[in-house]
Amino acid sequence: MGKVYVFDHPLIQHKLTMIRDKNTGTKDFRELTDEVATLMAFEITRDLPLEEVTVQTPVCDAKAKVLAGKKLGIVPILRAGIGMVDGVLKLIPAAKVGHVGLYRDPETLQPVEYYVKLPTDVEDRDFIVVDPMLATGGSAIEAINSLKKRGAKNIKFMCLIAAPEGVGLLKEAHPDVDIYIASLDEKLNEKGYIVPGLGDAGDRLFGTK
Ligand SMILES: O=P(O)(O)OC[C@H]1O[C@H](OP(=O)(O)OP(=O)(O)O)[C@H](O)[C@@H]1O
Ligand SMILES: O=c1cc[nH]c(=O)[nH]1
Ligand SMILES: [Mg+2]
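Keep in mind that this is a model prediction, so the values were computed, not measured. (Residues numbered from 1 in each chain as written. Chains lettered and ligands numbered in written order. Predicted model: local features only at pLDDT ≥ 70, side-chain atom pairs only at ≥ 80, totals over all residues. Heavy atoms only, no water.)

S.K.: Help me understand the site of ligand 2, please; the structure alone is not making it clear to me.
M.R.: With respect to spatial proximity, the complete set of residues near ligand 2 consists of Arg-104, Met-133, Ala-135, Gly-192, Tyr-193, Ile-194, Gly-199, Asp-200 and Ala-201. In this structure, an oxygen atom belonging to ligand 2 sits 2.8 Å away from a main-chain N or O atom of Ile-194. Interatomic distance of 2.8 Å between a backbone N/O atom of Ala-201 and an oxygen atom of ligand 2. For ligand 2, the protein covers 88% of the area, taking 240 Å² as the surface of the free molecule. Class assignment of the residues belonging to the shell around ligand 2 gives a composition of 5 nonpolar, 2 polar and 2 charged. (Near = heavy atom within 4 Å. Polar contact = N/O pair within 3.5 Å; in protein donor to acceptor, adjacent residues only side chain to side chain. Areas by Shrake-Rupley, 256 points an atom, 1.4 Å probe, with all protein chains shown as cover. Nonpolar A, V, L, I, M, F, W, Y, C, P; charged D, E, K, R; others polar.)

Quick look at the structure:
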């Protein structure tokens, strides 16, 4: 079964509180989301494989470690996932970026796919799917279905805020996928919004409401 990691780092929690605040405007919302994505990426990349090399320091030769060159891909779920991409790329700039476009039908809450573009070597890459919100879980499950259908094997899912309902369904649908969360919130409301959450992540990021 996939593991669920909730990051309790003080910097992540502090910035997330500012993100939640309804008085935080688009510019600050975007910058804070970017910063939290970087901090989360630091934790997520903890298990990247290393290899030993020899480096010449000014003093002598030293055996030292470098990344073993694992191929990585970041996949934002459009739109809101875009807000987390640059933050992750700051730490792993060589990662390729794929896109999965989904919106949640406001009536049925079911995800509707409208765009998929992934790196060509899907089978050789490990992927981090990013989206600020995991609510009912429908969008994350569908995005990961889409990646697996095209050959992806190793996938992690990273979000800012998750509802217990979404975490449960995502674990059930994709037991091989580890889930990384900055905050596990209380519940969903009758409209499928996370409580207390942060509102509509896409609208707040792009100023569309
Ligand atoms: O877990 P779920 O119930 O599927 O909800 C989560 C999805 O809802 C939001 O996207 P939205 O549909 O608002 O699209 P947007 O990013 O274009 O605003 C969010 O960014 C997730 O993708
Ligand atoms: O609370 C929620 C739930 C789904 N999508 C959002 O943007 N926010
Ligand atoms: Mg939205």
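S.K.: Looking at this structure, I do not really get unusual backbone geometry. What am I missing?
M.R.: What you tend to see is this: most non-glycine residues have negative phi, and most peptide bonds are trans. A cis geometry characterises the amide bond from Leu-78 onward to Arg-79, with omega recorded as -5 degrees. Note on placement: Arg-79 falls in the loop between β4 (72-78) and α3 (82-89). The linkage connecting Val-195 with the following residue, Pro-196, adopts the cis geometry, with an omega of 0 degrees. Structurally, Pro-196 can be placed in the loop between β13 (194-195) and α6 (201-206). For Leu-109, which is not a glycine, the phi torsion comes out positive at approximately 65 degrees. (Helix = DSSP H or I, 4+ residues; strand = E, 2+ residues; numbered from the N terminus.)

S.K.: Is there a simple way to explain the pairing of strand β11 (residues 178-184) in this structure?
M.R.: Regular strands show a simple pattern: their side chains alternate between the two faces of the sheet. The element β11 is extensively covered by neighbouring structure, given that 6 of its 7 residues are classed as buried. Here strand β1 (residues 4-6) pairs with β11 via 3 bridges, running parallel. By the bridge assignment, Val-4 is partnered in β11 with Ile-179. Relative to β11, strand β10 (residues 154-162) runs parallel, the two being bridged by 6 bridges. (Buried < 20%, exposed > 50% of the residue type's maximum accessible area, 1.4 Å probe, protein only. Pairing = 2+ DSSP bridges.)

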